[in-house]
Amino acid sequence: MEEQTTILVVDDEKVIRDGCTLLLQPEGYRVVTAANGREALDLMRDQPVNVVLCDLKMPVMGALEVLKEAGALYPEVPIIIITGHGTVADAVECMKQGAYDFVTKPFRVDHLTLAVKRALEKQHLERQTRRLQEEQAKNLYTLAMEQSRLLTIVNCMADGVLVTNRVGEVVLCNPTFKQLMGLSGSLPQPGPLEAYLGEESFLKTIEELCATAETGPAKCLSQELCRGRVHLRAMSAPVFGPDEKVLGTVTVFHDVTAFKELDAMKNDFVNMVSHELRSPMTAIKLQHEVILDGLAGEVTQKQRELLSRAQAKIQGLLELINESLDIAKIEAGHRHLELVPLQLGEVLREVAQLLEAKAADQKVVLRLAVPPDLPPVRADRRSMEEVFVNLVSNAINYSPGGGEVTIAGLSHGDYAEVRISDTGIGIEPEEIPKIFDKFYRVKNPKARQIIGTGLGLAIVKGIVEAHRGTVEVESRLGEGSTFRVLLPR
Ligand code: ADP
């Protein structure tokens, strides 16, 4: 409930006090009265008062003393002086001492109420201004505290942090960033990005982010940077202002050297084991072949059956070993690519020929739709053969009930496309992002009999990306799949 506005009338003449009460009460004010300054101050101590109407001259305590005491204790309460015509000069003196206004006796109704209203308005405005000032001071304090807290977090982070403004100049970097970059001493801020990190690909990323359109989804770009023996993963994102315009960028640098070293150790180990296994496996396979060919004596039907099964398992193991060695090489970037102008049509024809018998075995019709004018791409022949043998083998393998596999070549300006489509078992949508992972195999009951390592598509992806191409798949469960390889010309 809103409190009633209280006006205190201080005058030694009862008639004035009563007159004021009669005039102000109908305006909705609560009126309290005092016969002199002392009484008035006692009353103000006991209850809140909004405006004081105070006679200039009173016995015990006059207006000047009230002004002095009340002004110090209740600075927000306006005091209006009631004065006679002959004492206007004294009233002006009171104004100098802090009175808000004065009204002369005998006063008119409208003069008195107007003076009170204006005093109340002033009081209201002053209160509002004070509240806004307090709020502003509080906000500034919170902001400064937030800023200091953020700066401390950034400075304590184990990851490097680099902040740029909208023109790509560095405005902040933390001690970890300096340490990762081997920077010492003070650097200009704002300063040119090149002075902090001059890597071409990074400069381009920041340029791209600074040019981000004001609307649209925020992007976060990730890249790997190599500084001598230190490997860093850098995640960069634009910073938007309240107007949705780019204010600058923030990049966080995570040191992944330890992971890289572990990965290299793991690859070395896998390579070593695979190499050690390959020779004895090949020897066992050859010896089985000698036995199966009857060169070591007659083989019974049962023995042949058992040996053939063992042969299939050994073949599977050899494939796993070869593919593990292959993927390790691709991942380490050690696979040598001899990029030459390559007629994809020729490669695809050879792959189709190689896999014709396999397709016939599985009652799959293999179709080749390659236009004679398919332009050449710059690629490594052996790697391309591996890519398409893998994809076409999969297309045949994952069509266990027979069907159709089509190898098509298309040209799109700067890119050549190869599409391998089948009418096989297809892939569920949620499996699609995982099938290019190493060793991932979809658990489809229809594919249970199909032998594989889960490495084929990882190798395909690795090779295609090493050629700056892309591989993607569209598939419908139970209807078939299409793998599309795009290669730059
Ligand atoms: P795998 O040795 O198991 O064939 P890949 O890496 O070549 O390994 O393939 C990974 C998985 O992707 C396979 O296990 C299979 O489930 C799925 N897949 C690949 N090609 C096809 C295809 N043409 N049709 C249906 N599923 C496929």
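So, how was this worked out
- Residues numbered from 1 in each chain as written.
- Predicted model: local features only at pLDDT ≥ 70, side-chain atom pairs only at ≥ 80, totals over all residues.
- Heavy atoms only, no water.
- Salt bridge = Lys/Arg side-chain N within 4 Å of Asp/Glu carboxyl O.
- Helix = DSSP H or I, 4+ residues; strand = E, 2+ residues; numbered from the N terminus.
- Buried < 20%, exposed > 50% of the residue type's maximum accessible area, 1.4 Å probe, protein only.
- Near = heavy atom within 4 Å.
- Polar contact = N/O pair within 3.5 Å; in protein donor to acceptor, adjacent residues only side chain to side chain.
- Areas by Shrake-Rupley, 256 points an atom, 1.4 Å probe, with all protein chains shown as cover.
- 1 Å grid on protein atoms, 1.4 Å probe; cavity = no way out; pocket = protein on both sides within 12 Å on 5 of 7 lines; lining within 4 Å.
- Sits in = over half its atoms within 2 Å of the grid points.
- Nonpolar A, V, L, I, M, F, W, Y, C, P; charged D, E, K, R; others polar.
- Domains from an automatic or database assignment.
- Points joined across faces, edges and corners; volume = space filled by probe spheres on them.

### Some thoughts on the pattern of salt bridges
Any two side chains of opposite charge can pair if their charged atoms end up close together.
Thought 1: Evaluated as defined, the whole model comprises 31 salt bridges.
Thought 2: One salt bridge connects Lys-105 with Glu-13, and the closest N-O pair in it is separated by 3.5 Å. Taken together, the residues Lys-105 in the loop between strand 5 (101-104) and helix 5 (109-156) and Glu-13 in the loop between strand 1 (6-10) and helix 1 (14-24) connect sequence positions 92 residues apart.
Thought 3: With relative accessibility at 17%, the residue Lys-105 sits in the buried group.
Thought 4: Residue Glu-465 is joined to Lys-461 by a salt bridge in which the shortest nitrogen-to-oxygen separation is 3.3 Å. Of this pair, Glu-465 and Lys-461 both sit in helix 12 (residues 456-466), separated by four residues, roughly a single helical turn.

### Considering the site of the ligand
Thought 1: Near the ligand lie 18 residues; those nearest to it are Asn-394, Tyr-398, Arg-441, Thr-453 and Leu-457.
Thought 2: Contacts to the ligand include Leu-457, whose backbone N or O atom sits 2.8 Å from an oxygen atom.
Thought 3: In isolation the ligand has 530 Å² of accessible area, and contact with the protein removes 96% of it.
Thought 4: Because more than half of its atoms lie within 2 Å of the grid, the ligand is assigned to the largest pocket.
Thought 5: Elements represented by at least two residues in the shell around the ligand include exactly helix 11 (381-397), helix 12 and strand 17 (480-488).
Thought 6: Its residues assigned to classes, the shell around the ligand comprises nine nonpolar, seven polar and two charged.

### Things to note about the domain arrangement of the protein chain
Thought 1: Each assigned domain of the protein chain is listed here: domain 1 (6-130), domain 2 (157-255), domain 3 (260-332) and domain 4 (340-488).
Thought 2: Computed from C-alpha coordinates alone, the two centres of domain 1 and domain 3 are separated by 107 Å.

### Regarding the layout of surface pockets
Thought 1: Size it by volume and the largest pocket reaches roughly 1200 Å³.
Thought 2: Along the walls of the largest pocket sit 46 residues, with Asn-394, Asn-397, Tyr-398, Ile-451 and Gly-452 positioned nearest its centre.
Thought 3: Elements with a minimum of two residues in the lining of the largest pocket: helix 9 (301-331), helix 11, helix 12 and strand 17.
Thought 4: Each of domain 3 (260-332) and domain 4 (340-488) gives at least three residues to the lining of the largest pocket.
Thought 5: Lys-260, Ile-330, Glu-331, Ala-332 and Gly-333 are, among the 28 residues lining the second largest pocket, the residues nearest its centre.
Thought 6: Elements represented by at least two residues in the lining of the second largest pocket include exactly helix 8 (257-292), helix 9 and helix 12.
Thought 7: Looking at which domains feed residues into the lining of the second largest pocket, each of domain 3 (260-332) and domain 4 (340-488) supplies at least three.

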